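Coordinate analysis (summary)
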Amino acid sequence: MNTVEDNTGKRYLLLKRSDDASLVRDPETGNECYIRNDRLEAVDQSALETAARSVPDPVLTLLTNVHDAETLGLLIELAERGPLGVRTLLDAYDFCESDLHGRLTVLSTAGLLEETELAGERGYQLTEDCEVALETLRTETPRLDDPSDDP
């Protein structure tokens, strides 16, 4: 499977090519249709990366930069408690200083956290994109231990 782009710049996953037209799938909607070959051009992007682009950008950023439950929990705590100072994060959670610093650096570089000042000390808060991503995950993903999901 390859990625192709039509003459409007829209990207598709190429499913099948014939002499005159190709069967493509829109990764955002899942709709399949035929498009004339003279309107398609190959794109240097893997089919899997194209498929991943169907996820909203803030969620994709969160998914590709948060690699474990502790880091996700850190973001959720910042969402619940608001901006927190580095000292508070070190005292309240089970991180050594270098581990916390590494996570904060990765999350800041990804655009999920931004540095702020709290009571004259360095702290961190969620970016708007991170808030959107967490809200999307919380509203779209049922919790496995939620008793309201039982029949």
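Residues numbered from 1 in each chain as written. Predicted model: local features only at pLDDT ≥ 70, side-chain atom pairs only at ≥ 80, totals over all residues. Heavy atoms only, no water.

The name given to the protein in an unreviewed UniProt entry is ArsR family transcriptional regulator, with the source organism recorded as Natrinema altunense.

Quick look at helix α3 (residues 69-81) now. Across its 13 residues, α3 extends 18 Å between first and last C-alpha, which sits within 8% of the 18 Å expected from 1.5 Å per residue. Along α3, the residues that are buried comprise Thr71, Leu74, Leu75 and Leu78. The arc enclosing the buried residues of α3, seen along the axis, measures out at 90 degrees, which places them on a common side. Exposed positions of α3 whose direction lies more than 90 degrees from the buried face are Ala69 and Glu80. Structurally, the start of α3 carries an N-cap: the backbone nitrogen of glutamate 70 is 3.3 Å from a side-chain oxygen of aspartate 68. Just downstream of α3 lies glycine 82, where phi reads positive at about 85 degrees. (Helix = DSSP H or I, 4+ residues; strand = E, 2+ residues; numbered from the N terminus. Expected span 1.5 Å × (residues − 1). Buried < 20%, exposed > 50% of the residue type's maximum accessible area, 1.4 Å probe, protein only. Arc of directions from axis to C-beta. Polar contact = N/O pair within 3.5 Å; in protein donor to acceptor, adjacent residues only side chain to side chain.)

Now for the environment of proline 58. Positionally, proline 58 belongs in helix α2 (residues 57-65). In this structure, the C-alpha to C-alpha distance between proline 58 and tyrosine 124, residues 66 residues apart in sequence, is 18 Å. If near-sequence neighbours (up to four positions away) are discounted, proline 58 is found in contact with Asp129, Val132 and Ala133. (Contact = heavy atoms within 4.5 Å.)

Among the five residues in strand β3 (residues 21-25), four count as buried, and that is most of the element. Hairpin connection, strand β2 (residues 11-17) to β3: the antiparallel pair is bridged by three residues. Strand direction decides the pairing type here: β3 and strand β4 (residues 32-36), joined by five bridges, are antiparallel. Its bridge partner being in β4, alanine 21 is matched across the sheet by arginine 36. Following β3, the chain reverses through six residues before pairing antiparallel with β4; glycine 30 in that reversal takes a positive phi of roughly 85 degrees. (Pairing = 2+ DSSP bridges.)

By domain assignment, the protein separates into domain 1 (2-54) and domain 2 (58-137). Computed over C-alpha atoms, the centres of domain 1 and domain 2 are 36 Å apart. (Domains from an automatic or database assignment.)

With that out of the way, let us pick up the side chain of threonine 71. Locating threonine 71 in the fold gives a position in helix α3. When its relative accessible area of 6% is taken as the criterion, threonine 71 is described as buried. A distance of 2.5 Å separates polar atoms of two side chains, one belonging to threonine 71 and the other to arginine 103. Ignoring anything within four residues of it in the chain, the contact list for threonine 71 reads Val66, Arg103 and Leu107.

Attention now moves to the sheet that holds strand β6 (residues 84-85). Here three strands make up an open sheet; going across it, the order is β6-β8-β7 and the pairing antiparallel. The outermost strands of the open sheet, each flanked by one partner alone, are β6 and β7 (113-118). In terms of strand pairing, β6 meets strand β8 (residues 121-126) through two bridges, oriented antiparallel. Considered in β8, the bridge of glycine 85 is made with glycine 123.

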